Amino acid sequence: PFDITSRLVVLLLLLPVTALSATTSKALLHLFFSPAYQSAARPLTLLAVALGLLSIFYLLSTIEAGAGKPRVPLVIAWSLVPLAAVVGSLAIPRFQLVGAAFTTIAVSFLGTLVLALAVYRRFRLTFPPWTFARGLAATAVAVAPTYFATPLTAALPLWYALLLAVYALMLIALGEIRREDWSHVRSLL
């Protein structure tokens, strides 16, 4: 049997990080750049989602590579380059940075979907639906405050830490994180 515990942990961490980056893009930009870059907040929101998808693609690629099939993700990635060129040539001139971010989302989604199907076909490896549902529910609760309050830029890292703690507490409350999971994490450390 294929142990997917560490991969589930990565995916469960990816959900809130992606959502928090997307919902706080304006504040995140202000943390590193001057207000002159505020117009990049919307593309950054979309790009956060795209990078989440690319992270899943990378995770699936390591599974394929570990199985001795590194060519599978390579072929998928290279076959999407022409599609990215076509979609980008249509979207970028009209929508500028938003078009570029949308192109990245579209191609990342398609690549991740195709690679997920390949991994499923090879290993019958799935992401448990209840784990995904609990992760989404915990993410929704953790991200909800970002729609009502925006911290000072200097406090943004603390805000992220607080919201990630809320996410972890929600996973515990929903029964997704159990004592055995903490034991497993300790054994890895």
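Just so we're clear, the structure is a prediction, and the values are computed from it rather than from any experiment.

## A few points about the overall build of the protein
Part 1: If you tally the helices and strands in the protein, you get seven helices and zero strands.
Part 2: Helices and strands in the protein line up, N terminus first, as α-α-α-α-α-α-α.
Part 3: Dimensions of the protein along its principal axes, counting C-alpha atoms only, are 50 × 45 × 25 Å.
Part 4: In the protein, once contacts between residues fewer than 6 apart in sequence are set aside, the share between residues at least 24 apart is 75%.
Part 5: With 13 positive and 5 negative side-chain charges, the protein shows a spacing of 12 Å between the two charge centroids.

## Let's talk about unusual backbone geometry
Part 1: At Gln96, a position not held by glycine, the phi torsion is positive, near 50°.
Part 2: Looking at the secondary structure, you find Gln96 in helix H4 (residues 71-123).

## Some words on the packing of helix H3 (residues 41-66) against H4
Part 1: Taken N-terminus to C-terminus, the directions of H3 and H4 make an angle of 20°; their axes are 9 Å apart at the nearest point. Here H3 lies roughly parallel to H4, going by the angle between them. Relative to H4, H3 is oriented so that their crossing is left-handed.

## A word on the nonpolar core
One broad trend across soluble globular proteins is that nonpolar side chains are buried collectively.
Part 1: Core analysis: the largest hydrophobic core is formed by 10 residues, namely Phe57, Leu60, Ile63, Ile76, Leu80, Val107, Leu115, Ala118, Val119 and Leu125.
Part 2: Elements that contribute at least two residues to this core include exactly H3 and H4.
Part 3: In terms of residues, this core owes the most to one element, H4, which gives six residues.
Part 4: Listed in part, the nine residues of the second largest apolar core include Leu28, Leu156, Trp159 and Leu163.

## Remarks on the packing of helix H2 (residues 25-32) against helix H6 (residues 156-173)
Part 1: The interhelical angle for the contact between H2 and H6, taken along N-to-C directions, is 140°, at an axis separation of 10 Å. It follows from the interaxial angle that H2 and H6 lie oblique. Within the contact between the two elements, H2 uses Ala27, Leu28 and Leu31 and H6 uses Leu156, Pro157 and Tyr160.
Part 2: For the contact of H2 with H6, the residue count by class is six nonpolar, no polar and no charged.

## Focus on the side chain of Glu64
Part 1: In this fold, Glu64 is placed in helix H3.
Part 2: If sequence neighbours within four positions are ignored, Glu64 has contacts with Lys69, Pro70, Val72, Pro73, Leu115, Ala118, Val119 and Arg122.

## Section: the side chain of Glu176
Part 1: Following the sequence through the fold, Glu176 ends up in the loop between H6 and helix H7 (179-188).
Part 2: For Glu176, the side chain forms a polar contact with the side chain of Arg134, separated by 2.5 Å.

## Describing H6
Part 1: Taking 1.5 Å per residue, 18 residues should reach 26 Å; H6 reaches 25 Å between its end C-alpha atoms and fits that length.
Part 2: Buried within H6 are the following residues: Leu156, Trp159, Tyr160, Leu163, Tyr167 and Leu171. When H6 is viewed along its axis, its buried side chains cluster within an angular range of 115° and face the same direction. With respect to the buried face of H6, the exposed residues turned more than 90 degrees away are Leu158, Leu169 and Ala173.
Part 3: Gly175 sits one or two positions beyond H6 and adopts a positive phi of about 80°.

What counts, and where the lines are drawn
Residues numbered from 1 in each chain as written. Predicted model: local features only at pLDDT ≥ 70, side-chain atom pairs only at ≥ 80, totals over all residues. Heavy atoms only, no water. Helix = DSSP H or I, 4+ residues; strand = E, 2+ residues; numbered from the N terminus. Contact = heavy atoms within 4.5 Å. Lys, Arg positive; Asp, Glu negative; His and termini not counted. Charge placed at Lys NZ, Arg CZ, Asp CG, Glu CD. Axes fitted to C-alpha atoms, helices over the stretch in contact; angles between N-to-C directions. Parallel < 35°, antiparallel > 145°, perpendicular 65-115°, else oblique. Left-handed = near helix turned anticlockwise from the far one by under 90°. Core = buried A, V, L, I, M, F, W, Y, C linked by side-chain atoms within 4.5 Å. Buried < 20%, exposed > 50% of the residue type's maximum accessible area, 1.4 Å probe, protein only. Nonpolar A, V, L, I, M, F, W, Y, C, P; charged D, E, K, R; others polar. Polar contact = N/O pair within 3.5 Å; in protein donor to acceptor, adjacent residues only side chain to side chain. Expected span 1.5 Å × (residues − 1). Arc of directions from axis to C-beta.

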